[in-house]
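Here is how the chains run, residue by residue.
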Amino acid sequence: MRNVCVIGAGSSGIAACQVLAARGVAYDCFEMGSEVGGNWRYPNDNGQSSAYRSLHINTSRQIMEYAGFPMADDCPVYPGHAHIARYFDAFVDHFGLRPSIRFRTEVVRVVPDGDRWTVTSRHRDTGAHETGVYDAVLVANGHHWRPRWPQPEILGLARFTGTRIHSHHYRSPEPFADRRVLVLGIGNSACDIAVEVSRVSRRTFLAMRRGAHILPKYLFGRPTDHLTHSWLARAPLAVQDRGLHLLLRLSRGRLTDYGLPEPEHRVLAAHPTISDDLLSRLGHGDITVRPAPRRVDATRVTFDDGSVEEIDTIICCTGYDIAFPFLDDEVIDVSGNDPGLYRRVVSPDRPGLYFIGLVQPLGAIMPLAQAQSQWVADLLQGRCALPGREEMRDEIRAHRARTARRYVASPRHTIQVDARAYLKELTRERRRRAVGRGRRRRFTRLASGADGTG
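Calculation criteria
Residues numbered from 1 in each chain as written. Predicted model: local features only at pLDDT ≥ 70, side-chain atom pairs only at ≥ 80, totals over all residues. Heavy atoms only, no water. Phe/Tyr/Trp six-rings, centres within 6.5 Å; stacked < 30°, edge-to-face > 60°. Helix = DSSP H or I, 4+ residues; strand = E, 2+ residues; numbered from the N terminus. Buried < 20%, exposed > 50% of the residue type's maximum accessible area, 1.4 Å probe, protein only. Core = buried A, V, L, I, M, F, W, Y, C linked by side-chain atoms within 4.5 Å. Contact = heavy atoms within 4.5 Å. Disulfide = S-S within 2.5 Å. 1 Å grid on protein atoms, 1.4 Å probe; cavity = no way out; pocket = protein on both sides within 12 Å on 5 of 7 lines; lining within 4 Å. Points joined across faces, edges and corners; volume = space filled by probe spheres on them. Nonpolar A, V, L, I, M, F, W, Y, C, P; charged D, E, K, R; others polar.

**Student:** Before we go on, may I ask you to explain the packing of aromatic side chains in this structure?
**Tutor:** Aromatic rings considered in pairs are described by the distance between their centres and by the relative angle of their planes. Scanning all chains against the criterion turns up 14 aromatic pairs. Judged by centre distance (5.8 Å) and plane angle (70 degrees), the rings of Y52 and Y170 are edge-to-face. With Y52 in the loop between β2 (27-30) and α2 (61-64) and Y170 in the loop between β8 (163-166) and β9 (180-184), the pair connects residues that are 118 residues apart, well separated along the chain. Taken as a pair, Y52 and Y170 share a single burial class, namely buried.

Dropping the structure here:
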């Protein structure tokens, strides 16, 4: 079997490890931290986690759990980071994956070497470097660790004399007690942080460039994401949008009644913002909504509607940039947060380079990472084949066009997928390009060099 390198032991990396181990594919997994879990390990000594103390998942546990390994029945419907970290630990230990993970080890360079890959790693405690050569590299280092600041930069922001942080570095509300806090953004982190900070701050403002649909975690007593298994999810997209819009109108009324701007896009045209608490805090007057900031002076912020507020702290919840510091730019181009991957996994120009979990799903990422890993394992074992390079590029262009038609133009939507549709897409790909047994034996001999060609 092929020798594979897995980068990262977060939710996507351990999914890849489990699939490779089950298939008998030899692999090494490198993890910067001392434990598995990535973004869901709070605190995480890998230095990359964005988790804050009160973090809970926004998809229900039934939707997020790995296939074949359900979460415990006594786990909350919407688990917190501690529950999820324990679940990942149990997953890794159940499948015996821990010995194959090299903890406290950072991958510092991945370089193509003919039809193989040279991987250089560094132990974070000893500083010792090690180099290995692999037939394939599965990149699963996540995409929520390099903060993206407001773009374009707000006029005068450099002159601000207060505190400015990115949500990546937010951990708890106590440091913001009795302060005048401005939270930028209307995504999930922005809403969570604004709600928390508003309980201790002197005043909290939530500013955004455009409106967003706010979805509750429960609709009529059921987890909202369970709608993905209802008749509504099987209807045409226009019907899904209209149906969800009506359900939201019935359950929470108009967003403008809470002081939020009416979104100009359809409900399913953007990654959902999910919060049970934001609307009540707005209704209580604990959070004040403002449009985008136009200009910043030493302590004052002027907004697009001309209003001015004294501000002590700005928290930028403005997303993340996709980055692979161990890969050169000529190996993978991530400009515009769009790496251009076939079926969101395969690099058309770099055989043997795969990306696991590099999607932003309407749904949960864990089952998708598992499905991606199954497909990659098919490719590694010769059970499935890739199309030609031009056909892969055609698929990438078509996907970009569909994404542009459906979603709001934003860096956060370049890797957006609908979980249900994407799982079907991967299933079709595996079936359509399955390799017959005779050809598979030939593929395996070529991969191992057994017929003298390697």
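**Student:** I tried to follow the nonpolar core on my own but got confused; where do I start?
**Tutor:** What tends to happen in soluble globular proteins is that the nonpolar side chains get buried as a cluster. L260 and L278 are the most contacted members of the largest nonpolar core, which has 81 residues in total. Ranked by the residues each element gives to this core, the list is headed by helix α7 (residues 365-380), at nine residues. Among residues more than four places away in sequence, those in contact with L260 are I186, M208, I214, L255, L278, L279, L282 and V289. Counting 22 residues, the second largest nonpolar core, distinct from the first, contains W117, V137, V331 and F355.

**Student:** Help me out: how do you make sense of helix α4 (residues 188-198) in this one?
**Tutor:** The periodicity of an α-helix, 3.6 residues per turn, causes residues three or four positions apart to be oriented the same way. With respect to burial, α4 is a largely interior element, nine of its 11 residues being buried. Taken residue by residue, α4 has N188, A190, C191, I193, A194, V195, E196, V197 and S198 as its buried positions. Against the buried residues of α4 lie β9, β10 (203-208), β14 (273-274), α6 (278-283) and β19 (313-316).

**Student:** Quick question: what am I supposed to make of the state of the cysteines here?
**Tutor:** The bond known as a disulfide is covalent and runs between the sulfur atoms of two cysteines. A full pass over the atoms with the stated rule returns zero disulfides. Take C191: it sits in no disulfide, and the sulfur closest to it among the cysteines is that of C317, at 8.8 Å. Overall, the relative accessible area of 0% leaves C191 in the buried class.

**Student:** Help me out: how do you make sense of empty space enclosed by the protein in this one?
**Tutor:** Empty pockets left among the atoms are what a rolling probe the size of a water molecule brings to light. Applying the stated criterion to the full structure yields two cavities of 30 Å³ or more. The wall of the largest cavity is formed by H213, H245, L248, R249, R252, G253, R254, L255, E262 and P263. For the lining of the largest cavity, the residue count by class is three nonpolar, three polar and four charged. By volume, the second largest cavity amounts to about 30 Å³. Every residue along the wall of the second largest cavity is listed here: V139, N141, G142, H143, F324, F355, I356, G357 and L358. Grouping the constituent residues of the lining of the second largest cavity by class yields five nonpolar, four polar and no charged.

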